[in-house]
Amino acid sequence: MMSAHHPSNGLWPDPTPLLETLNRAAAGGIFPGGVLGLSLAGRDMVLPFGRLRYDGPVQPVMADTVYDLASLTKVLATTLLTMILVDQGRLNLDQPLVKWFGDDVPPDKKDINIRLILSHAAGFPAWQPLYRSLEGRPQGDRRRRTGRMILEEPLEYPPGEKSVYSDLGFILLGLILERIMGDRLDRLFREWVARPLGLTRTGFRPD
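So, how was this worked out
Residues numbered from 1 in each chain as written. Predicted model: local features only at pLDDT ≥ 70, side-chain atom pairs only at ≥ 80, totals over all residues. Heavy atoms only, no water. 1 Å grid on protein atoms, 1.4 Å probe; cavity = no way out; pocket = protein on both sides within 12 Å on 5 of 7 lines; lining within 4 Å. Points joined across faces, edges and corners; volume = space filled by probe spheres on them. Helix = DSSP H or I, 4+ residues; strand = E, 2+ residues; numbered from the N terminus. Nonpolar A, V, L, I, M, F, W, Y, C, P; charged D, E, K, R; others polar. Patch = residues over 30% accessible without salt bridge, like charges linked within 9 Å, V, L, I, M, F, W, Y side chains within 5 Å. Areas by Shrake-Rupley, 256 points an atom, 1.4 Å probe, with all protein chains shown as cover. Salt bridge = Lys/Arg side-chain N within 4 Å of Asp/Glu carboxyl O. pLDDT = per-residue confidence, 0-100. Contact = heavy atoms within 4.5 Å. Expected span 1.5 Å × (residues − 1). Buried < 20%, exposed > 50% of the residue type's maximum accessible area, 1.4 Å probe, protein only. Arc of directions from axis to C-beta.

Student: What exactly am I supposed to notice about empty space enclosed by the protein here?
Tutor: Unfilled space is identified by rolling a water-sized probe across the atoms. Taken as a whole and assessed by the stated rule, the structure comprises 1 cavity of 30 Å³ or more. In this structure, the largest cavity encloses a volume near 50 Å³. Around the largest cavity sit Leu116, Ile117, His120, Ala121, Ala122, Gly123, Phe124, Tyr157, Val164, Ser166, Gly169 and Phe170, which together line it. Secondary-structure elements contributing two or more residues to the lining of the largest cavity are helix H4 (114–118) and helix H7 (167–181). Looking at side-chain class alone, the lining of the largest cavity contains 8 nonpolar, 4 polar and no charged residues.

Student: Would you explain a nonpolar patch on the surface in this entry?
Tutor: Taken together, the side chains of Val35, Leu52, Tyr67, Leu69, Leu72, Val75 and Leu76 define a hydrophobic patch exposed on the protein surface, amounting to about 570 Å² of accessible area. Along the chain, the position of Val35 falls in strand E1 (residues 33–40).

Student: Honestly, the confidence of the model for the protein chain in this entry has me stumped. Any pointers?
Tutor: Detailed reading of the predicted coordinates is not advisable wherever pLDDT is low. The share of residues in the protein chain with pLDDT of 70 or more is 93%, and the mean pLDDT across the chain is 90. Contacts from residues 1–9, a stretch scored under 50 in pLDDT, to residues over four places away or in other chains number 18 contacts.

Student: Is there a simple way to think about the environment of Met181 in this case?
Tutor: Note on placement: Met181 falls in helix H7. Along the chain, Met181 and Leu81 lie 100 residues apart, while their C-alpha atoms are 9.6 Å from each other. Filtering out sequence-adjacent residues up to four positions away, Met181 remains in contact with Leu81, Leu85, Arg90, Leu188 and Trp192.

Student: Sorry, what's going on with helix H1 (residues 16–27) here?
Tutor: Residues lying three or four places apart along an α-helix face the same way, a consequence of the helix completing one turn every 3.6 residues. End to end, H1 covers 16 Å across 12 residues, agreeing with the expected 16 Å (1.5 Å per residue, within 8%). Turning to H1, its buried residues number three or more, namely Leu19, Leu22, Ala25 and Ala26. Summarising the axial view, the buried residues of H1 lie within an arc of 120°, below the 170-degree limit, and thus occupy one face. Those residues of H1 that are exposed and angled more than 90 degrees off the buried face are Arg24 and Ala27. Where H1 is buried, its residues contact E1 and strand E2 (43–50).

Okay, here's the thing in structure tokens:
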């Protein structure tokens, strides 16, 4: 259990200067607030600072405030699960999209593989508002349609030419992981990553 109290064992440097710097950053609008977590010699300390949002009612950040990790999901869930499958020999980084999507893969995407997606070099646009076409549809149908919509999306540059951050490639990679492992990404993360690491408060937003 993390504690917000300053340990008295003499091992800790004074966190006050760092906390003052973070408070100045929050007051300057760099971010509204956050939680500083420190760990040393088996001792943990949590120091909240700032507030939850820039406008509206002032709600201070608490030690147990839950944050949306947003695009870090790519690293913390999708990439880690990919690494697990590679380690198990169930996935090869050079396998092309046609292995999972067959004839649904158009000619301009035949050479895209897992390695290109992981390095954001597959040529996909940074993002598209796919949710607008998926609202109100059953979850299974949303997943199928999402894959088709991404495969139909025109590439912005030839695969492998350069590296440009893309949500779409990682959404497609998540769908591939689900096909290989036979479950939804949120459950896979809970079973293969969060639970083994004891991350009891880290997970996907429930449906």
